[in-house]
Amino acid sequence: RDTAGLLASLNNEFTLDAAADDDGALRLTTVVTGTFDAATGEFNFAYAAHPRMLLWRASDEKFHQIGDGMENFPLGFITGEEYTEQSVKLDPGDMILAFSDGATEVQSPAGVQLSPSGFLDFAHSTLSKLPTPHKLPDYSKSLLTGIHEYRGSDELEDDITLLTLRRMP
């Protein structure tokens, strides 16, 4: 349940393992961790320089960024880094959308980056076009299709990971 502690442990292992390699190259990665308690609805999460997740509140049918003030170092920067954790209560029907930076950093053919705020708008408009009740696999597929359309190509410059979860009524 200690998502911040997990990141700290992963960071130490990742940093020390990279230092043991002969090439000495700096290796960094972003990570998001989370746990969900179905009995209480509590979703605990921590970031290591990862894009902030989005929370869909079923009550107001809007996405909200979560994780203000959690601008932590990526894994592999320095050992001993401490990470902060936050918690949010998910009500029935609420949804979490986690995504890698490849989703926010994708560029249009004109070179315009989607950006975190652009992705938030994109996530909302994509969901609003789907029939209710929203099926998470359909939503993820629609997001990925839309990202490729924004890019104007099936070729992307970075990998994209999308993860959705919803608290069921």
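Residues numbered from 1 in each chain as written. Predicted model: local features only at pLDDT ≥ 70, side-chain atom pairs only at ≥ 80, totals over all residues. Heavy atoms only, no water.

Examining the overall build of the protein chain
The condition is simple: Helical segments are the DSSP runs of H or I of at least four residues, strand segments are the runs of E of at least two, and each set is numbered from the N terminus. Only protein chains enter the accessibility calculation, which uses a 1.4 Å probe; a residue whose area is less than 20% of its type maximum is buried, one above 50% is exposed, and one in between is partly exposed. In what follows, a contact means two residues having at least one pair of non-hydrogen atoms within 4.5 Å. Using a 1.4 Å probe, accessible areas were evaluated by the Shrake-Rupley method; residue-level cover was limited to the displayed protein chains. All tallies of charge rest on Lys and Arg as positive and Asp and Glu as negative; His and the ends of each chain are not included. The atoms used to mark charge sites are NZ of Lys, CZ of Arg, CG of Asp and CD of Glu.
Of the regular secondary structure elements, the protein chain holds 4 helices and 7 strands. In sequence order, the protein chain lays out its α and β elements as α-β-β-β-β-β-β-α-α-α-β. C-alpha extents for the protein chain along the principal axes are approximately 50 × 45 × 25 Å. Counting every position in the protein chain, which comprises 169 residues, the buried fraction comes to 40%. For the protein chain, long-range pairs separated by at least 24 residues make up 67% of all intrachain contacts whose partners lie at least 6 apart in sequence. When the accessible surface of the protein chain is split by element, carbon and sulfur atoms take 52% of a total near 9300 Å². In the protein chain, which carries 12 positive and 27 negative side-chain charges, the distance between the mean positions of the two groups comes to 11 Å.

What to know about the packing of aromatic side chains
Operational definition: Pairing of aromatic side chains requires ring centres within 6.5 Å, counting the rings of Phe and Tyr and the six-membered ring of Trp. Pairs whose planes differ by under 30 degrees are stacked, by over 60 edge-to-face, and all others tilted.
One pass over the structure, following the stated rule, counts 7 aromatic pairs. Ring geometry for Phe-73 against Phe-77: centres 4.4 Å apart, planes inclined by 20°, an arrangement best described as stacked. Residue classification places Phe-73 among the partly exposed positions, given a relative accessible area of 37%. When the centroid spacing of 4.3 Å and the interplanar angle of 45° are considered together, the rings of Phe-99 and Phe-119 count as tilted. Placement of the pair is Phe-99 in strand S6 (residues 95-99) and Phe-119 in helix H3 (residues 116-128), with a sequence separation of 20 residues. An aromatic cluster is built from Phe-43, Phe-45 and Tyr-47, whose rings are joined through pairwise contacts.

With respect to the packing of H3 against helix H4 (residues 136-151)
Where we set the bar: A fitted line through C-alpha atoms represents every axis, and for helices the fit uses only the stretch in contact; the resulting angles, taken between N-to-C directions, go from 0 to 180 degrees. Roughly parallel here means an angle under 35 degrees, roughly antiparallel means over 145, roughly perpendicular means 65 to 115, and every remaining angle is called oblique. Left-handed describes a crossing whose near helix is turned anticlockwise from the far helix through less than a right angle; right-handed describes the clockwise counterpart. Three classes are used: nonpolar for Ala, Val, Leu, Ile, Met, Phe, Trp, Tyr, Cys and Pro, charged for Asp, Glu, Lys and Arg, and polar for all others, with Gly counted as polar.
With their axes 10 Å apart at the nearest point, H3 and H4 run at an angle of 125° to one another. When the axes of H3 and H4 are compared, the pair comes out oblique. Read as a crossing pair, H3 and H4 show a hand that is right-handed. On the side of H3, the interface is formed by Phe-119, Phe-122, Ala-123, Thr-126 and Leu-127, while H4 contributes Tyr-139, Ser-142, Leu-143, Gly-146 and Ile-147. Its residues assigned to classes, the contact of H3 with H4 comprises 7 nonpolar, 3 polar and no charged.

Observations regarding the pairing of strand S1 (residues 31-37)
Across a regular strand the side chains alternate sides, sitting on one face of the sheet and then on the other. The criterion, for reference: Following DSSP output, two strands are said to pair if at least two bridges run between them.
Sheet analysis places S1 next to strand S2 (residues 42-48), joined by 7 bridges and oriented antiparallel. Directly across from Gly-34, in S2, lies its bridge partner Phe-45. Count of turn residues in the S1/S2 antiparallel hairpin: 4 residues, of which Gly-41 carries a positive phi of about 85°.

Observations regarding the environment of Ala-4
Among the secondary structure elements, Ala-4 is positioned in helix H1 (residues 3-20). For the pair Ala-4 and Gly-34, spaced 30 residues apart in sequence, the C-alpha separation works out to 9.2 Å. Excluding residues that lie within four positions of it along the chain, Ala-4 makes contacts with Ala-46, Tyr-83, Thr-84 and Glu-85.

Re the sheet that holds strand S5 (residues 85-89)
Sheet architecture is open: 3 strands sit in the order S1-S2-S5, paired in antiparallel fashion. Taken across any chain shown, the strands that pair with only one partner, and hence form the sheet edges, are S1 and S5. Across this sheet, the average inter-strand angle for adjacent strands is 20°, counted without regard to direction.

What to know about the nonpolar core
The following threshold applies: The definition of a nonpolar core used throughout is a set of buried Ala, Val, Leu, Ile, Met, Phe, Trp, Tyr and Cys residues joined through side-chain atoms within 4.5 Å.
In terms of nonpolar packing, the biggest core is built from 19 residues, with Phe-43, Phe-45, Met-53, Ile-66, Tyr-83, Val-88 and Ile-96 touching the most fellow members. Among the elements that line this core, the one with the most residues is S2, at 5 residues. Other than its neighbours up to four places away in sequence, Ile-96 contacts Phe-43, Met-53, Leu-54, Leu-55, Ile-66, Leu-90, Leu-163, Thr-164 and Leu-165. One finds Val-106, Leu-114, Leu-127 and Tyr-139 within the second-largest nonpolar core, a separate group that totals 18 residues.

Take it as geometry only, folks, not as evidence of what the structure does.
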